[in-house]
Every structure is written in C-alpha cells, then in structure tokens.
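# What the coordinates show
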Amino acid sequence: MILAIDTSTQWLSAALYDVEQGVFPFEKTWRTTRRHTIELTSAVEKLLHEAGATIQAVDTLAVATGPGSFTSLRIGLAFAKGVVLANHIHLIGIPSLDILAYSQPAANLPLICVLQAGRAKLAACRYIYQDQWVAQGKSFVLTPKELSEEIEEETIICGEMDAEERRVISRKWKKVHLCSPAGSIRRASFLAEMAAQKSAQGNYDDPMTLAPIYLHTADPIPDGN
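Residues numbered from 1 in each chain as written. Predicted model: local features only at pLDDT ≥ 70, side-chain atom pairs only at ≥ 80, totals over all residues. Heavy atoms only, no water.

### Structural notes on the sheet that holds strand β2 (residues 11-18)
Strand order in the open sheet formed by five strands is β3-β2-β1-β4-β5, and the pairing between neighbours is mixed. This sheet does not close on itself; its edge strands, each paired only once, are β3 (23-31) and β5 (90-94). The sheet shows a mean angle of 15 degrees between the axes of neighbouring strands, direction not considered. The strands touched by helix α1 (residues 36-50) are β1 (2-6), β2 and β3; relative to β2, the strand with the most contacts, the crossing angle is about 25 degrees. This element, helix α2 (residues 70-87), spans β1, β4 (60-64) and β5 of the sheet and lies at about 170 degrees to β4. (Pairing = 2+ DSSP bridges. Helix = DSSP H or I, 4+ residues; strand = E, 2+ residues; numbered from the N terminus. Axes fitted to C-alpha atoms, helices over the stretch in contact; angles between N-to-C directions. Contact = heavy atoms within 4.5 Å.)

Structure (structure tokens):
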C-alpha cells in the first residue's frame, strides 16, 4: 500500500492506496488552522484504523514537496521521513503543483496551477498537455494581478484562490478559464497514483536528501518556451 500526505499549505490531505486492488480504502482532505503537527498525526492514525490496516501494510510513503508554506512543508517532510526511517519503507516526493496538474482533464489549452504563497502572492507553474500534463519550467511567485496581466492567450487556471483572487484573475474573462473551487483542491489520492507510477519504475527518493521546494522571490512568469 501507499500512504500519501500533502501538507503544502493550510489544506491537508492524506490517502491510503491499495495498489494491488486498485482502490482507496480511505482519503481525507480538509483545511486546518495551523495545527499541522497535531492534525496530520491523528489523521494518519485514523486513516489506518478506518481502513483496517497498520503501518506495516504500507510499503511506500508519498509526500508533497512544495512549493508552499515553509512550516507546513517542514512538518510534512519531517513526518514522512520519520515514518519511512522507523518502518524501513520507501519514500517518494512529488511537487505540489504537479499533483494539482495531474488531477486536471486533458486539454489543448495551457494550464497554470497555483497555491497560496503568503503575503498576498501565489506560487504557480505552467503546464502543457503531452499525453499528460508536463511542467514548462520551474515554479514562480507573483500576485493575482500580475498573473492576470500576463495572460495573453486562452489559459486554464486552477488551484487555491479565494473569491477576491478569482475575481482579479478572471478579469480577462475571454482568455481565462477558471477551474471550479471543487476542481482546484489538491487531493492525496492523486499524489498516491503518481507515486504508484514512480514506484513501478523503482524510482524512489533518499530520505536523507529529499528536500522541500521553497520559493522566496517574485520571478516573472515564464513564456512556456
């Protein structure tokens, strides 16, 4: 089984994936109030209990690596590494925005995934669809207004945005296609599926060297070339 956790922002998500059966015995996604340490541990314990499983049934732990909140990511990575080292299981890290992109249906338009970066800014990454969503360059940081101003072609945008941010970004309504709030939530079940693909290839991460992705500066949005 794969245990997947995402603590990138105030949204937490955890899932248990039975790869052999192709089912998810349990998944929970919720918004916390800066209590990641307490809520994550209890959620994983409940997840295993509700699924009638123990940590010994888990052979791989998948964790979102960011970008996101410094504290939130640190807690998630520390938890993941502790569980992996204590139980001698595999570790797989997946960038947080890639998880969101993976959850989106195929499209001919470019996609930009976003999440909260603090100080009224968004972390974002651009994708195009080539049998799957493929990142075009590294993640970057900008304000909702800057993002709106940079949209020059029809583009799908999804991710963590409040009502005001959605309003600002959608000013170019002929070019911006906003995903619904429900379709913009990162879910650990998608993280688990991505980890299963890497696991099948024997592509694991070293718990001693896996590091979170932090973004500190407001870089200009890339052109996707």
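Having seen the structure, we can now continue with the description.
### Description of the nonpolar core
Of all hydrophobic cores here, the largest spans 25 residues; its most connected members are L3, I5, L48, L61 and V63. Counting residues per element, the ones that place at least two in this core are β1, β2, β3, α1, β4 and α2. Residue contacts for L48: discarding those within four places in its chain leaves L16, A53, T54, I55 and V58. With 15 residues, the next largest nonpolar core counts A15, Y17, A62 and M194 among its residues. (Core = buried A, V, L, I, M, F, W, Y, C linked by side-chain atoms within 4.5 Å. Buried < 20%, exposed > 50% of the residue type's maximum accessible area, 1.4 Å probe, protein only.)

### Focus on the side chain of D18
Topologically, D18 is positioned in strand β2. One buried charged residue, D18, remains without a salt bridge, the closest side chain of opposite sign being R187 at 16 Å. Among the polar contacts made by the side chain of D18, one reaches the main-chain amide nitrogen of Q21 at a distance of 3.2 Å. (Lys, Arg positive; Asp, Glu negative; His and termini not counted. Salt bridge = Lys/Arg side-chain N within 4 Å of Asp/Glu carboxyl O. Polar contact = N/O pair within 3.5 Å; in protein donor to acceptor, adjacent residues only side chain to side chain.)

### With respect to the environment of F79
Relative to the assigned elements, F79 resides in helix α2. You can call F79 buried: its relative accessible area is 18%. The sequence separation of F79 and E165 amounts to 86 residues, and the corresponding C-alpha distance is 32 Å. Setting aside residues no more than four positions away along its own chain, F79 makes contact with I5, L40, T41 and V44.

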